Amino acid sequence: MKKAKQNAGLAASELGTRLRYFEDRREQIIQTIRQLVEVESPSDDKEAVNRLGSLLAGRFEGLGGHAKFHHAQNFGNHLQVDFSGKSGGKPIMLLGHLDTVYPLGTLATMPFRMADGRLWGPGSFDMKSGIAFMLSAIEALRHWHGDELPRPVTVLLVSDEEVGSDTSRRITENLARKSAAVLVLEPAYGSKGAVKTARKGVGEYILKVNGKAAHSGLDFEKGESAIIELSREILEISKLTDLKRGITLNVGTVQGGTRSNVIPAEATAVLDARVARMKDAKELDRKLRSLKPFNRKCRLEISGGVNRPPLERTPGVAALYKKAADITKQFGWKLEEAAVGGGSDGNFTAALGIPTLDGLGGVGEGAHATHESVLISELPRRAALLSALIESV
Ligand SMILES: [Zn+2]
């Protein structure tokens, strides 16, 4: 207990007061989530994402932050907000994304609503509730520390996370390098709200087979079927899956041929590859690139690679989790951790060796689906946890 107190930097009674502070502001958190959900922000709609970015820049500046946008070609601009702090030193980075997977107009069929103890709507869980916690936690810290934050904080909200983070990755990595730790406000895992201390790395590969076309009746033996070759390669690729080591390969789409009476000259497969450890990514990449054709008259072309490195449970990640678990213990609940298959921008920051804790956002379900929702009862304590982490990391 004594150790836990030191880690949190606050006495247990003080933590209790702080949790009540957020309980008293539950309605404000709900209204913020509503406001954010009702400004739709699909990744592929620059204007729409910019509307949400502007709204948030205003809200963070109202809390004393300095907002600036990183221009992105074809995507909404990425929002960075810097807060100075009493203590100086390296900032804590709060990481998230503005974009959602839902096309403009989704609100018509999936409006924001409150029912069954939940908030429903596109992006409510992934991850507009997480953004609301950032606002709420920063406001609270200023309230407790005389209109100033106890330490510097950098908020980064990117516009392209749901489509691979190509235009934001460098910005995320640059800011993470300057930070003491990265707290990712992506959705929590499962109904108990576990944080994510491991995420798989994700890659995409395209395998193209070139064979030789021929009339299937007149010149059967002159053809070299790309589809037969691809089928055999797919069986080879599936052998690379190793569930125990957290390596999976999924051939998600196949395409090939032109007509039933033509021996197919071309066939293509697109595959999703996931690894739990970076060293497995290199090995897997090497194996995929050294696939050989069974039919020597066919040619293979493989392109792609791992674009999100795994978030591995390094000692830095484990220490950050322990700190969070010590805090919630004093709040009176147990914070669990989980390893998940999906990637986030936390994968980039963790791969740089910066302690990263992911899944600090809302507790709920249905990310990317019509039943997307967050539990109202969990809102105050998630905001309380975030504020205590900013103070004590
Ligand atoms: Zn997300």
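Preceding this section is the structure that the text describes.
Since we're looking at a predicted model, the values are computed, not measured.

Where helix H3 (residues 26-37) meets helix H4 (residues 46-62), the axes come as close as 10 Å, and the angle between the chain directions of the two elements is 150 degrees. With respect to each other, H3 and H4 are oriented roughly antiparallel. Seen from H3, the contacting residues are Thr 32, Gln 35 and Leu 36; seen from H4, they are Leu 52, Leu 55, Leu 56 and Arg 59. When the residues that make up the contact of H3 with H4 are grouped by side-chain class, the tally is four nonpolar, two polar and one charged.

A few words on the coordination of the zinc ion. Only His 97 (NE2), Asp 126 (OD) and Glu 186 (OE) from the protein reach the zinc ion as donors, at distances of 1.9 to 2.1 Å. We note that the donor set of the zinc ion lies within a single chain, spaced as H-x28-D-x59-E. Linking His 97 in strand E3 (residues 92-97) with Glu 186 in the loop between strand E7 (181-184) and strand E8 (195-199), this pair joins segments that are 89 residues apart in sequence. Of the two residues, His 97 and Glu 186, neither departs from the other in class, the shared state being buried.

Most of strand E6 (residues 153-158) is tucked away, with six of its six residues classed as buried. Residues of E6 alternate between two faces, with Val 153, Val 155 and Leu 157 on one and Thr 154, Leu 156 and Val 158 on the opposite face, all of them buried. Pairing analysis gives five bridges linking strand E2 (residues 78-83) to E6, with the strands arranged antiparallel. Residue Val 81 lies in a different strand from E6, and its bridge partner there is Val 155. In this structure, E3 lies alongside E6, joined through six bridges in parallel fashion. Considered in E6, the bridge of Leu 94 is made with Val 155.

Rules used in this analysis
- Residues numbered from 1 in each chain as written.
- Predicted model: local features only at pLDDT ≥ 70, side-chain atom pairs only at ≥ 80, totals over all residues.
- Heavy atoms only, no water.
- Axes fitted to C-alpha atoms, helices over the stretch in contact; angles between N-to-C directions.
- Helix = DSSP H or I, 4+ residues; strand = E, 2+ residues; numbered from the N terminus.
- Parallel < 35°, antiparallel > 145°, perpendicular 65-115°, else oblique.
- Contact = heavy atoms within 4.5 Å.
- Nonpolar A, V, L, I, M, F, W, Y, C, P; charged D, E, K, R; others polar.
- Donors = N, O, S within 2.8 Å, 3.2 Å for Na, K, Ca; no water.
- Buried < 20%, exposed > 50% of the residue type's maximum accessible area, 1.4 Å probe, protein only.
- Pairing = 2+ DSSP bridges.

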